[in-house]
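Chain and residue survey
The lines below spell out each chain.
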Amino acid sequence: MSRPRVIVTRRLPAPVEAALSERFDAVLNPDDVPLSRQDLAAAMRDADAVLCTVGDRIDAEVIGAAPRARLLANFAVGYNHIDIRAAQAAGVVVTNTPGVLTDATADLALTLLLMVARRAAEGERLVRSGAWNGWAPTQLLGAQVTGKTLGIIGMGRIGKAMAARCCHGLRMRIVHYNRSRVTEPGVPCRQLPTVEDVLREADFVSIHCPGGEENRGLISAERLALMKPTAYLINTARGDVVDEDALIEALENRRIAGAGLDVYADEPRVPEALRALDNVVLLPHLGSATRETREAMGMKAFENLVAFFEGREPPDRVV
Ligand code: DGY
């Protein structure tokens, strides 16, 4: 019996590629060249499944180019780069990789929070430039983090993991907004009725809700205006949750103190105006980028593929 053909859009950790090649007719991308829309559509023409990543825009047209494909195994927990309705309409199953990237992503959110509050990137740039001329009592003063209030938008797995780190490690008070009632937040905290309440109260706001239609522009100009001028915004979720132009304006005018960003509205494009600012820390979507996590994500995608082609329900089915 012929093995299902699986198109793998990017280079994956070696053990994942080995597992895929052993079990499937896997078409790998050894040079890790991002596929253009045309190449992606062409590659999908004779695919039974596609293992895709957040860098691939899987829209209705691309899905339409894959008449045989029955499964999109997404190498990520977030799937706002996939047109879920088009997949559903075409009868294509979509899976993701929840759970395994919780700690890595929360670690990175905390990294950004500390970096931006303590001006670590500015300090690093100063040392590297050779212009540092020694310790000074008023040099690069940042904001104290310990004991401050963290506001979490989206108290799912990653939001809770961030809350735990900040509560236990930094003795922060935690407030959060979540659409549904959170019964087991894992740490002492207060669930506030609205996003606005969190923005008004927090010294640090960390975003952990999904991107896509439901939350696009959630952190709007009006809402940014509610934040304290001393507050910081951290985003490791999805760029489209924040109105990027409004954020740039708030940062330029010091309406808020700073931001730590790992995600952008139109990746990999990062607006020049954002790159020009000192009060932001900018990372290239590294939330899940540890060796352990990326391997675990790959194995999860693999397990979903295996389950599907063995006729079982894939464990992480989205639709
Ligand atoms: C995800 O899984 O959604 C991340 O953004 C990719 O690391």
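What you see is a predicted model, and the numbers here were worked out from it, not measured in a lab.

**What about the domain arrangement of the chain?**
For the chain, the domain assignment lists domain 1 (5–100 + 291–309) and domain 2 (102–282). On a C-alpha basis, the centroid separation for the pair domain 1 and domain 2 is 31 Å. Residue-level contacts link four residues of domain 1 with eight residues of domain 2. Considered class by class, the residues forming the side of domain 1 that touches domain 2 number no nonpolar, four polar and no charged.

**Comments concerning unusual backbone geometry**
For residues besides glycine, phi is generally negative; the peptide bonds are generally trans as well. Put simply, Glu 267 and Pro 268 share a cis peptide bond, and its omega is 5 degrees. Mapped onto the secondary structure, Pro 268 falls in the loop between strand E11 (258–261) and helix H11 (272–275). Its identity is not glycine, yet Leu 140 carries a phi of approximately 45 degrees, on the positive side. When you line up the elements, Leu 140 lands in the loop between helix H6 (120–129) and strand E6 (149–153). The backbone phi angle of Arg 171 is positive, close to 50 degrees, even though this residue is not glycine. Judged by C-beta crowding, with 11 C-beta atoms within 10 Å, Arg 171 ranks as exposed.

**Examining the nonpolar core**
Counting 94 residues, the largest nonpolar core has Val 6, Val 50, Leu 72, Leu 113, Val 205 and Tyr 232 as its most contacted members. Broken down by element, the residue count for this core peaks at 10 residues, all from helix H5 (residues 102–117). Split by domain, this core shows at least three residues from each of two domains, domain 1 (5–100 + 291–309) and domain 2 (102–282). Setting aside residues up to four positions removed in sequence, Val 6 forms contacts with Leu 20, Phe 24, Asp 25, Ala 26, Ala 47, Asp 48, Ala 49, Leu 51 and Leu 305.

**Focus: the site of the ligand**
Close contacts around the ligand come from Val 54, Ala 76, Val 77, Gly 78, Leu 101, Gly 287 and Ser 288, and that covers them all. In the shell around the ligand, the residues fall into four nonpolar, three polar and no charged.

**Some words on the sheet that holds strand E4 (residues 71–74)**
By way of backbone hydrogen bonds, the strands of a sheet pair with one another, either parallel or antiparallel. Pairing is parallel across the open sheet formed by five strands, whose spatial order is E2-E1-E3-E4-E5. Each edge of the open sheet is held by one strand with a lone partner, namely strand E2 (25–27) and strand E5 (93–95). Averaged over all neighbouring strand pairs, the angle between strand axes comes to 20 degrees, with direction disregarded. Relative to strand E3 (residues 49–52), strand E1 (residues 5–8) is paired through three bridges, and the arrangement is parallel. Among the inter-strand pairings, Ile 7 is bridged to a residue of E3, identified as Val 50.

**Focus on the packing of helix H1 (residues 14–23) against helix H12 (residues 291–309)**
The contact between H1 and H12 brings their axes to 9 Å, and the two run at 15 degrees. By the angle between their axes, H1 is roughly parallel relative to H12. Note that H1 runs across H12; the crossing there is left-handed. Here Pro 15, Val 16, Ala 19, Leu 20 and Arg 23 of H1 come into contact with H12, specifically with Glu 295, Gly 298, Met 299, Phe 302 and Val 306. Among the residues making up the contact of H1 with H12, the classes are represented as seven nonpolar, one polar and two charged.

Rules behind the numbers
- Residues numbered from 1 in each chain as written.
- Predicted model: local features only at pLDDT ≥ 70, side-chain atom pairs only at ≥ 80, totals over all residues.
- Domains from an automatic or database assignment.
- Contact = placed C-beta atoms within 7 Å.
- Nonpolar A, V, L, I, M, F, W, Y, C, P; charged D, E, K, R; others polar.
- Helix = DSSP H or I, 4+ residues; strand = E, 2+ residues; numbered from the N terminus.
- Buried ≥ 20, exposed ≤ 12 C-beta atoms within 10 Å, placed from the backbone.
- Core = buried A, V, L, I, M, F, W, Y, C linked by C-beta atoms within 7 Å.
- Near = placed C-beta within 6 Å.
- Pairing = 2+ DSSP bridges.
- Axes fitted to C-alpha atoms, helices over the stretch in contact; angles between N-to-C directions.
- Parallel < 35°, antiparallel > 145°, perpendicular 65-115°, else oblique.
- Left-handed = near helix turned anticlockwise from the far one by under 90°.

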